[in-house]
Amino acid sequence: MLRLALIIPLFLFVRRLDGWDEAWWLGLVIGAWVMGLFAWWFFLTGQTATYEQRVEGATNPIYFGGIALAFAVMLVPKLTESGLTPLFRGAVIGAVAMAFSASLFSGSRGAWLALLPMVALYSLTLGRRQPAHWRYGLPVLAGFGALFILTLPSVPTSQRFMEGFFEINQWIDGEITEGALGRRWQMWLIAMEAMRDHWLTGIGPGGFSQALQSAIAAGEASSLMSPYRHPHNQYLSALTDGGLGLLLLWVLLLGSAGRRFYRLYSSGLHKTRALGWAGLSAVTLLAVMSLSESIFERNVGIVWFGFLTATSMGLVQVQRRRELAVPINRKQRLSVIIITKNESDRIVQCLTPLKGWADEIIVLDSGSEDGTPEIARRFTEKVHDTDWPGYGKQKQRALAMASGDWILSIDADEVLSDALKAEIDLVLKQTEQDQHTDTPAEFDAYTLPWLTHAFGQTLKHGRWSRTPLRLIRQGQGHFTDAVVHETLIPLAKARVGHLDSPLHHYPYRHIAHAESKLGQYAQLSASARGHHSTTGAKPWAMARAVINFLDNYLFRGACLDGRAGFTLSRLIARYTYQKYSA
């Protein structure tokens, strides 16, 4: 657990290392060459080790082969990068080939099963903006190359796949084998049987080992498995050690890291994506290896997971910071639309970052009595007084007035960060470049992540840490007619991306304002749904409120935001009760 916790200081350290991304790529290249040369020497000179002809390096064949394959796949972005010298590109190509061969000589079957999801991820992420011959040709070439090599009987991985197919045929015939797959199958059955009445709590650390030894003593399992202490499947290991809760935590650990890297491909940060691919491919490989190996039951698995995850995430932060720091001179026109009423204390904070940056600012005011329109006119001439038809229709009016190539919709209680402005400039500049090269635009709209500030704290969890759709290309969407909680709806053919920089959200001036605002929203929502009183309305409303509180405070992590997280969870639950009881 201490080794796993090292992810945090390692990430915090790496994200401060400007310019180290090239050292990362160079390290992958050198590491791949070292593994490949060692594996070829081992193979050609007829060496043997713990597992006969399987190359194990400084660890064991499973991890040696898995990490070698990870190095090969992580280097894929460098194959297509422009601006590389012929010498370094040749070194990268050789490194990929060397790492692949090292993995093949290890006989690690579990790692090679990860190639299937990796090929799919490549087409959805890294290869998405590549020419067709790179997007589809590279996976096809890798697939045929792997199949060809796996037909060579002298390659350990090929031998082990043949053994696996033989065992599968025996299973089909009803025989239980004692090969690697057969033993794993027996262990999985034993683990599932031991878990029969303990799905929620598990049988505790060491419980599987006891169940296995009991099965061996009863003659129900092969004595060859007596040295084993875990079921050779990390998902089952988590389930036996701590039940469904621990299994969920293990899946979340993999999923949260993979999701972070995958979402980079919905942003406009093209250079950052290449580093993100390294992390995404490593996490994917380890997730697949976990199907046939309990990787967290051994320190080596934890070390590699921690190192690859933390380093990739840290370097992503560095590259993102560098990519957004480059000055952008965009030509795509941007309109910003805002609706207001009595926002004199917040409108200056909202409009100040927009002046001189947005090409057009449109403010629709619906009867302010505190001088909001006069303040807004200091920043833009396009301030209009209107009636109030509801949130959705009012925003649609503003959207129809906008003349820019792109439209950004924000509220008076929201403030654009400098990083978000830079990211918007970047994606608009890329859209302009796509037009010049006749390349289809990657995205037609973008969601923006809220960073909510309330009651003196910054709230990073809960349902209010959403990513609403706010930036859209002209003519690619419209607002719903909802009286409250309106939504910007993109056209069916529109592609939606995701920006990573925060949109600062200041929804409540104080607790009394939050209670008043949420109470008003509750009445508007109830009116929109219609009044249908029933004898069970209040108990139903109370049940919904309790579920809402638990959802925000526990499941969505608002408890991590301290007192403010509790306060807002309570207020949103109160709003839910008011809405459903009304």
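Residues numbered from 1 in each chain as written. Predicted model: local features only at pLDDT ≥ 70, side-chain atom pairs only at ≥ 80, totals over all residues. Heavy atoms only, no water.

### Concerning the overall build of the protein chain
For clarity, the threshold we go by: Numbering goes from the N terminus for both helices and strands, where a helix is a DSSP run of H or I of at least four residues and a strand is a run of E of at least two. Classification of residues uses two cut-offs on accessible area relative to the type maximum, computed with a 1.4 Å probe and protein chains only: under 20% is buried, over 50% is exposed, and between them is partly exposed. Should any heavy atoms of two residues lie within 4.5 Å, those residues are considered in contact.
The helix and strand tally for the protein chain stands at 23 helices and 13 strands. A principal-axis box enclosing the C-alpha atoms of the protein chain has dimensions of 85 × 65 × 40 Å. Considering the protein chain as a whole, with its 582 residues, one finds that 51% of them fall into the buried category. Here the analysis covers contacts within the protein chain between residues at least 6 apart in sequence; of these, 74% occur between residues at least 24 apart.

### Observations concerning helix 3 (residues 21-44)
Where we set the bar: An expected span of 1.5 Å times one less than the residue number is assigned to each helix.
Compared with the 34 Å implied by 1.5 Å per residue over 24 residues, the 35 Å span of helix 3 between its first and last C-alpha is a close match. In this fold, the buried residues of helix 3 make contact with helix 4 (61-74), helix 5 (76-80), helix 6 (86-106), helix 15 (270-289) and helix 16 (299-325). Gly46 lies just past helix 3 and shows a positive phi near 70°.

### Observations concerning a nonpolar patch on the surface
Using the following cut-off: Residues form patches when they are more than 30% accessible in relative terms and have no salt bridge. Like charges link within 9 Å. Nonpolar side chains (Val, Leu, Ile, Met, Phe, Trp, Tyr) link within 5 Å. In these tables, accessible area is a Shrake-Rupley quantity obtained with a 1.4 Å probe, and a residue counts as shielded only by the protein chains included in the view. What counts as a salt bridge is simple: a side-chain nitrogen of Lys or Arg found within 4 Å of a carboxyl oxygen of Asp or Glu.
A grouping of Met542, Val546, Leu550, Leu554 and Phe555 is seen on the molecular surface, where their side chains present a nonpolar patch of about 500 Å² in accessible area. Counting through the fold element by element, Phe555 comes out in helix 22 (residues 537-555). By relative accessible area, which is 67% here, Phe555 ends up exposed.

### Section: the nonpolar core
The condition that has to hold: Among buried residues, the Ala, Val, Leu, Ile, Met, Phe, Trp, Tyr and Cys ones that are joined through side-chain atoms within 4.5 Å form a nonpolar core.
Among the nonpolar cores identified, the biggest contains 85 residues, and Trp24, Met74, Leu75, Trp277 and Leu285 are the most heavily contacted of them. Broken down by element, the residue count for this core peaks at twelve residues, all from helix 15. Those residues within four positions of Leu285 in sequence are excluded, and the remaining contacts are Gly66, Leu69, Ala70, Ala111, Ala114 and Met118. Of all hydrophobic cores here, the second largest spans 31 residues; its members include Leu351, Leu354, Ile361 and Leu503.

### Notes on the sheet that holds strand 5 (residues 414-416)
Convention followed: Whether two strands pair comes down to DSSP finding at least two bridges between them. Angular values range over 0 to 180 degrees, each being the angle between N-to-C directions of two axes fitted as lines to C-alpha atoms, with helices fitted over their stretch in contact.
The four strands are arranged 5-13-7-8 in an open sheet whose pairing can be described as mixed. Here the strands that pair on one side only, and so sit at the sheet edges, are strand 5 and strand 8 (457-459). With strand direction ignored, the average angle separating the axes of adjacent strands in the sheet is 30°. Relative to strand 8, strand 7 (residues 450-454) is paired through three bridges, and the arrangement is antiparallel. From the neighbouring strand, Thr452 faces strand 8, where its bridge partner is Leu459.

### Points about the pattern of salt bridges
Under the defined criterion, the tally for this structure stands at 28 salt bridges. As a salt-bridge pair, Glu442 and Arg273 come within 3.0 Å of each other at their nearest N and O atoms. Of this pair, Glu442 sits in the loop between helix 20 (418-436) and strand 6 (445-447) while Arg273 is found in helix 15, placing the two residues 169 residues apart along the sequence. Each of the two residues, Glu442 as well as Arg273, counts as buried.

### Considerations on helix 15
To be explicit about the condition: Axes are fitted to the seven residues ending at a residue and to the seven starting at it; the angle between these axes is taken as the bend at that residue.
In this model helix 15 runs 29 Å from its N-terminal to its C-terminal C-alpha over 20 residues, within 8% of the 28 Å that 1.5 Å per residue would give. Maximum bend of helix 15: about 30°, positioned at Gly276. Most of helix 15 sits out of view: 18 of its 20 residues are buried.

### As for the sheet that holds strand 1 (residues 334-340)
The strands that make up a sheet are held in pairs by hydrogen bonds between backbone atoms, and each pair lies either parallel or antiparallel. Ordered in space as 3-2-1-4-9-6-12, the seven strands form an open sheet in which the pairing is mixed. Both outer strands of the open sheet, strand 3 (383-385) and strand 12 (496-498), are each paired with one neighbouring strand and no more. Adjacent strand axes in the sheet meet at a mean angle of 20°, parallel and antiparallel pairs treated alike. Bridge analysis of strand 2 (residues 360-365) against strand 3 gives three bridges, and the strand direction is parallel. Bridging from a neighbouring strand, Leu364 pairs with His384 of strand 3. Packed on one face of the sheet, helix 19 (residues 391-401) meets strand 1, strand 2, strand 3 and strand 4 (406-409) and runs near 145° to strand 2.

### A word on the pairing of strand 4
Across the two faces of strand 4 the burial is the same, with Trp406 and Leu408 and Ile407 and Ser409 all buried. By the bridge criterion, four bridges tie strand 1 to strand 4 in an arrangement that is parallel. Counterpart to Ile337 in the pairing with strand 4 is Ser409. Two elements, strand 4 and strand 9 (residues 469-473), share three bridges in a ladder whose sense is antiparallel.

### What to know about unusual backbone geometry
Non-glycine residue His232 carries a positive phi angle of around 55°. Residue placement: His232 occurs in the loop between helix 13 (207-217) and helix 14 (234-262). In the Ramachandran plot, His485 falls in the positive-phi region, its phi being about 60° despite a non-glycine side chain. As for its placement among the helices and strands, His485 is situated in the loop between strand 10 (477-479) and strand 11 (488-490).

### Remarks on the packing of helix 21 (residues 511-529) against helix 23 (residues 562-581)
How we decide: Should an angle lie under 35 degrees it is considered roughly parallel, over 145 roughly antiparallel, and from 65 to 115 roughly perpendicular; all remaining angles are considered oblique. Crossings are classed by handedness, with left-handed meaning an anticlockwise turn of the near helix from the far one by less than a right angle and right-handed meaning a clockwise turn. When residues are grouped by polarity, Ala, Val, Leu, Ile, Met, Phe, Trp, Tyr, Cys and Pro land in nonpolar, Asp, Glu, Lys and Arg in charged, and all others, Gly among them, in polar.
Where helix 21 meets helix 23, the axes come as close as 8 Å, and the angle between the chain directions of the two elements is 30°. With respect to their mutual orientation, helix 21 and helix 23 come out roughly parallel. Of the two elements, helix 21 crosses helix 23, and the hand of that crossing is right-handed. Where helix 21 abuts helix 23, its residues Ile511, Ala514, Glu515, Leu518, Gly519, Tyr521, Ala522, Ser525, Ala526 and Arg529 lie against Thr567, Leu571, Ile572, Arg574, Tyr575, Gln578, Lys579 and Tyr580. For the contact of helix 21 with helix 23, the class distribution of residues is ten nonpolar, four polar and four charged.

### Side note on the packing of aromatic side chains
This is how the line gets drawn: Aromatic contacts are taken between Phe, Tyr and Trp rings whose centres are within 6.5 Å, Trp giving its six-membered ring; a plane angle under 30 degrees counts as stacked, one over 60 as edge-to-face, and the others as tilted. Counting as a charge over the ring demands two things of the Lys NZ or Arg CZ atom: a distance within 6 Å of the ring centre and an angle within 35 degrees of the ring normal.
Summed over the entire model, instances satisfying the criterion amount to 23 aromatic pairs. With a centroid separation of 5.3 Å and an interplanar angle of 20°, the aromatic rings of Phe549 and Tyr553 are classed as stacked. Of this pair, Phe549 and Tyr553 both sit in helix 22, separated by four residues, roughly a single helical turn. Accessibility expressed as a relative area gives 22% for Tyr553, which makes it partly exposed. Site record: aromatic cluster; members linked through ring pairs are Trp24, Phe71, Trp304 and Phe307. The positively charged end of Arg54 is found above the aromatic ring belonging to Tyr51, 5.6 Å away from the centroid. Cation over ring: Arg330 sits above Trp357, and NZ or CZ is 5.5 Å from the ring centre.

### A short note on the environment of Gly243
You can see Gly243 is positioned in helix 14. Here the alpha-carbon distance between Gly243 and Glu432, two residues 189 residues apart in the chain, equals 52 Å. Beyond its immediate stretch of four places on either side in the chain, Gly243 contacts Trp199, Leu200, Thr201, Gly202 and Ala238.

### What about the environment of Pro227?
Here Pro227 lies in the loop between helix 13 and helix 14. Spatially, the C-alpha atom of Pro227 lies 28 Å from that of Phe42, the residues being 185 residues apart in sequence.

### Observations concerning the side chain of Asn60
Using the following cut-off: Side-chain atoms alone can form a polar contact between residues adjacent in sequence; in general such a contact is a pair of N or O atoms within 3.5 Å, and within protein one must be able to donate a hydrogen while the other accepts it.
Within the secondary structure, Asn60 sits in the loop between helix 3 and helix 4. Of the residues examined, Asn60 reaches a relative accessible area of 13% and is grouped as buried. Side-chain polar atoms of Asn60 contact the backbone nitrogen of Ile62, separated by 3.0 Å.

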